[in-house]
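In case you want the letters, here they are:
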Amino acid sequence: MVLKLSPIVLICMLISFSFSAQTSEKHQKIIEQYADSCAHKQPLFSHKWQQCLDEGLQADSTIAYLWQQKAMPLFKQRKYELGMVYIDKAVQFDRNRYQDYRAFIKCIFAKTYKEAIADFEDCKARYGNRYVMDHTYDFYIGLCHLQLNNYIEAEKCFKGYIAEMQVRGEDWVHPTALFYYGVAVYEQERYDEAIKIFDRALKNYDNFSDVKYYKAMCYYNKEDMDNATLWYKEWQKDAKEGFTINEDNVAYETYPYQIVSKN
């Protein structure tokens, strides 16, 4: 069946497309002037960065990207409440692009885990289990459950995420996902199983200090002090050399269960 549109409907569609194109072009010019050529030439945490973006928003307050750029440095300064006001604005004007980013911020930065789960679940319902910041929504939902002591739910999330990656082969499985999968099992006191999962992580990242710490803890809880001591020393050595969780934002935030060496 061929769908026939009336002339009036066609005219309305053409007007809508033309308006969208004009709006997009207008927004891009403002972004280039106030973000690319102004804010991005200033230090990230400076007042001038914010002033450039404020001027852009005075020109058009509906540009989601400018709101996100205002929020981003504040999160990296741990000014979560202030930053969230701006990222909420970004979501208001472009939910498709920024709601999962907001959920990520709530999980890793602001640590409002129930709110993060709600955002991620809504994103899944709207868009499917997409990726944000190198991982699927289920990975972050698993992290939130881990931080809320919902270990069984966390395990399910990590197990499903790993199964998706493993279709391509074990080498494609992210060691951070294996680490958290192992931690979820460890928290349920299934130490032998956790050790096997940690070993899988170490095959893909053999200096992963945090994995070695929790592997040592597994042996400690099994009262195998020789192996506990061995892996604890391995953790100390690799942690001292900086081999830890290798997510991009680890420079700004300590990740769940990350062990920061004091040595």
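See the structure printed just above.
It should be emphasised that the depicted structure is a prediction, and the values quoted were computed from it without experimental measurement.

**Considering the overall build of the protein chain**
Consideration 1: If you tally the helices and strands in the protein chain, you get twelve helices and two strands.
Consideration 2: Reading the helices (α) and strands (β) of the protein chain from amino to carboxyl end gives α-α-α-α-α-α-β-β-α-α-α-α-α-α.
Consideration 3: Seen through its C-alpha atoms, the protein chain measures out along the principal axes to roughly 80 × 55 × 30 Å.
Consideration 4: Accessible area for the protein chain stands at about 14300 Å²; split by element, carbon and sulfur atoms hold 52% of it.
Consideration 5: For the protein chain, the separation between the mean place of its 33 positive charges and that of its 37 negative charges on side chains is 4 Å.

**Here we look at the environment of phenylalanine 198**
Consideration 1: With respect to the helices, strands and loops of the structure, phenylalanine 198 is situated in helix α10 (residues 191-204).
Consideration 2: Considered as a pair, phenylalanine 198 and tyrosine 214 are 16 residues apart in the sequence and their alpha carbons are 8.2 Å apart.
Consideration 3: Not counting chain neighbours up to four residues away, the residues in contact with phenylalanine 198 comprise Phe179, Gly182, Val183, Val211, Tyr214, Lys215 and Cys218.

**Some details on the side chain of lysine 215**
Consideration 1: Inspection of the secondary structure puts lysine 215 in helix α11 (residues 209-221).
Consideration 2: The residues touching lysine 215, leaving out its near neighbours within four places in the chain, are Ile195, Phe198, Asp199, Leu202 and Trp231.

**Re the state of the cysteines**
Consideration 1: Considering all chains together, one arrives at one disulfide under this definition.
Consideration 2: Each disulfide pairs two cysteine sulfurs, and for cysteine 38 the partner residue is cysteine 52, the sulfurs being separated by 1.9 Å. Its S-S torsion of approximately -60° makes the covalent link between cysteine 38 and cysteine 52 left-handed. A residue pair is termed long-range when its members are at least 10 positions apart, and cysteine 38 in the loop between α1 (7-36) and α2 (47-59) and cysteine 52 in helix α2 qualify at 14 residues.
Consideration 3: Exposure remark for cysteine 52: the relative accessible area of 5% places this residue in the buried category.
Consideration 4: As a non-bridged cysteine, cysteine 157 has cysteine 144 as the owner of its nearest cysteine sulfur, 9.2 Å distant.

Conventions adopted
Residue positions within a chain follow its written sequence, with the count starting from 1. Residue-level local features of this predicted model are given only where pLDDT is at least 70; pairs of side-chain atoms are given and counted only at 80 or more, and the full residue set underlies all totals for whole chains, interfaces and linings. Based on all heavy atoms of the structure, the side-chain values leave hydrogens and waters out of the count. The way it works is that DSSP assigns letters per residue, a run of H or I at least four long becomes a helix, a run of E at least two long becomes a strand, and they are numbered from the N terminus. Computed with a 1.4 Å probe, the accessible areas rest on the Shrake-Rupley method; for each residue, only the protein chains presented here act as cover. Positive charge is attributed to Lys and Arg, negative charge to Asp and Glu, and no charge count is given to His or to the chain ends. Charged side chains are reduced to one point each, which is NZ for Lys, CZ for Arg, CG for Asp and CD for Glu. Contacts are assigned to residue pairs with any non-hydrogen atoms lying within 4.5 Å of each other. Cysteine sulfur atoms that pair up within 2.5 Å are treated as a disulfide. Each residue is placed in one exposure class: buried if its accessible area under a 1.4 Å probe, protein chains only, is under 20% of its type's maximum, exposed if it is over 50%, and partly exposed if it falls in between.

Function cannot be inferred from these measures alone, as they are strictly geometric.
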